[in-house]
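Chains, contacts and geometry: an overview
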Amino acid sequence: MNQPDWQDYAAETQAIRAGQKRSHEGEHSMPIFATSSYVFGSAEEASLKFTGQQPGNIYSRFTNPTVATFQERLALMEKGERCLAFASGMAAIMAVGMALLKAGDHVVCSRSVFGNTVLAFQNYFGKFGVETDFVKLTDPAAWEAAIKPNTRFLFLETPSNPLIEIADIRALADIAHRHGCLLVVDNVFCTPILQQPLALGADIVVHSATKYIDGQGRCVGGAVVANEEIIEKQVYPYLRTGGATLSPFNAWVFAGGLETLAIRMKAHCDNAFELAKWLERQDAVGKVHYPGLASHAQHELAKRQQSHFGAVVSFELKGGKEEAWRLIDATRMLSVTANLGDVKTTITHPATTTHGRLTPEARAEAGINDSLVRISVGLENIDDIKADLAAGLAAA
Ligand SMILES: *Cc1c(COP(=O)(O)O)cnc(C)c1O
């Protein structure tokens, strides 16, 4: 039976159907190819495959059918030409840097990115002569002003963590291209179900599959999606040499995660929107940060750029650290952890955990005050989530 051209199908269908090549056993569900190497029919076939003259599996550091299924699905869903999976989200981000940067290059990065992403650029690429300037995510003029003749790419996350600010991907892609740079977008918070940065002009998308793609907090993994040229000439040779490969088991979990991603994201976002509206009505709560609310500074942009508003909500209590800690400690169901993108709702105090190593001045500059609480809204019944938080708010 001929495979349909999956590009013509919707993301929900691609997530379930694309990328799986049924073996001679006729299995319906996806198998796990737990093999490090592959055998060849002849010495000549081995030679043709090793030298790239004939496609096929060689060694699971860079070719594995289960990993390939995950890659094909995610590439289609992100509207990219090709995807490569990595051992973690950080491994994917490191791969983009290792593949694209050289000593003397310059990067412009949002100030509001994942903590280890800041360290990757500052400490590791910095060590090899790559300079990075950090700018305010929502200020396109600051991005443009930071670009130098040797700038190779701009790097951002939208929405940001923990203040859920939104960057205009199309505007920043235009700025990048006008100056001969690429735009790299970390699409972890939205997933391709809510936002497709490549369709908005970005050149490279990176993922931590650890979050919503798994969705149940089991495995660590990541991915890079871009055009054929960037992947084949730059990122793939780095994967082959760098070796931060995704395991077939984790790829199997993630490929299965993609199959339910669309309905999970809708349910996550519906719960989060409901919770944000409820939080806005609570007396103990000051500002609520959620792009679905009319009070959010980039509400219109979020409506235009995303198909839903995401599932991370943060809010400020009237009070400070004591009140925030009392609230967190009075909840009984929510998980006190900084992880996100799980079916389980999680609650965290950014000022003393994820952003606890920043100086008070740096935290203030980033807008992260001591009363800020962040919630990654899960899939429990929304009334149970509200009840748990109501108990917390009463104690605060
Ligand atoms: C978790 C995360 C990462 C890093 O991913 P790992 O899989 O933990 O290495 C990068 N970016 C964002 C936005 C994340 O939330």
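For every chain, the first residue of its written sequence is number 1, and the numbers climb from 1 along that sequence. The predicted nature of this model means local features are confined to residues of pLDDT at least 70 and side-chain atom pairs, given and counted, to a pLDDT of 80 or more, with totals for whole chains, interfaces and linings taken over all residues. With hydrogens and water set aside, each side-chain value is computed from the structure's full complement of heavy atoms.

You'll find the protein entered in an unreviewed UniProt entry as O-succinylhomoserine sulfhydrylase, with Methylomonas koyamae given as the organism. UniProt positions are given in the numbering used here, feature names are shortened, and annotations may be inferred rather than shown by experiment. The record held by UniProt for the protein lists under Function (unreviewed entry) the comment "Catalyzes the formation of L-homocysteine from O-succinyl-L-homoserine (OSHS) and hydrogen sulfide." Recorded in UniProt for the protein, the comment headed Sequence similarities (unreviewed entry) runs: "Belongs to the trans-sulfuration enzymes family. MetZ subfamily."

**Examining the UniProt feature "modified residue: N6-(pyridoxal phosphate)lysine" (unreviewed entry) in the protein**
The UniProt entry lists Lys211 under the feature "modified residue: N6-(pyridoxal phosphate)lysine" (unreviewed entry), expressed in the numbering used here. Only DSSP runs of H or I covering at least 4 residues are called helices, and only runs of E covering at least 2 are called strands; the numbering of each starts at the N terminus. Inspection of the secondary structure puts lysine 211 in the loop between strand E6 (204-208) and strand E7 (222-226). Judged by its relative accessible area of 12%, lysine 211 falls in the buried class. Filtering out sequence-adjacent residues up to four positions away, lysine 211 remains in contact with Phe114, Val188, Asn339, Leu340 and Gly341. Partly exposed describes any residue whose relative accessible area lies between the buried limit of under 20% and the exposed limit of over 50%, with all areas from a 1.4 Å probe on protein chains only and scaled to the type maximum. Any two residues whose heavy atoms approach within 4.5 Å at even a single point are treated as in contact.

**A short note on the sheet that holds strand E9 (residues 312-317)**
Pairing between strands requires that DSSP locate at least two bridges from one strand to the other. Taken together, the five strands give an open sheet; going across it, the order is E8-E9-E12-E11-E10, and neighbouring strands pair in mixed fashion. Of all strands in the sheet, those bounded by a partner on one side alone are strand E8 (285-289) and strand E10 (335-336). Both E9 and strand E12 (residues 372-376) contribute to a ladder of five bridges, which runs antiparallel. Bridging from a neighbouring strand, valine 313 pairs with isoleucine 375 of E12. Angles shown run from 0 to 180 degrees and are taken between the N-to-C directions of axes, each axis being a line fitted to C-alpha atoms and, for helices, limited to the stretch in contact. Contacts from helix H13 (residues 321-330) reach E9, E10, strand E11 (346-348) and E12, with the element oriented near 130° to E9.

**Quick notes on the side chain of histidine 355**
Structurally, the position occupied by histidine 355 is in the loop between E11 and helix H14 (360-365). Within 3.5 Å is the distance limit for a polar contact, defined as a pair of N or O atoms, with the added protein rule that one can donate a hydrogen and the other accept it, and that residues adjacent in sequence qualify only through two side-chain atoms. Within the local environment of histidine 355, its side chain forms a polar contact with the side chain of threonine 354, the two groups lying 2.9 Å apart. Ignoring any residue separated from it by four or fewer positions in sequence, one finds histidine 355 in contact with Asn161, Pro162, Pro350, Arg363 and Ile368.

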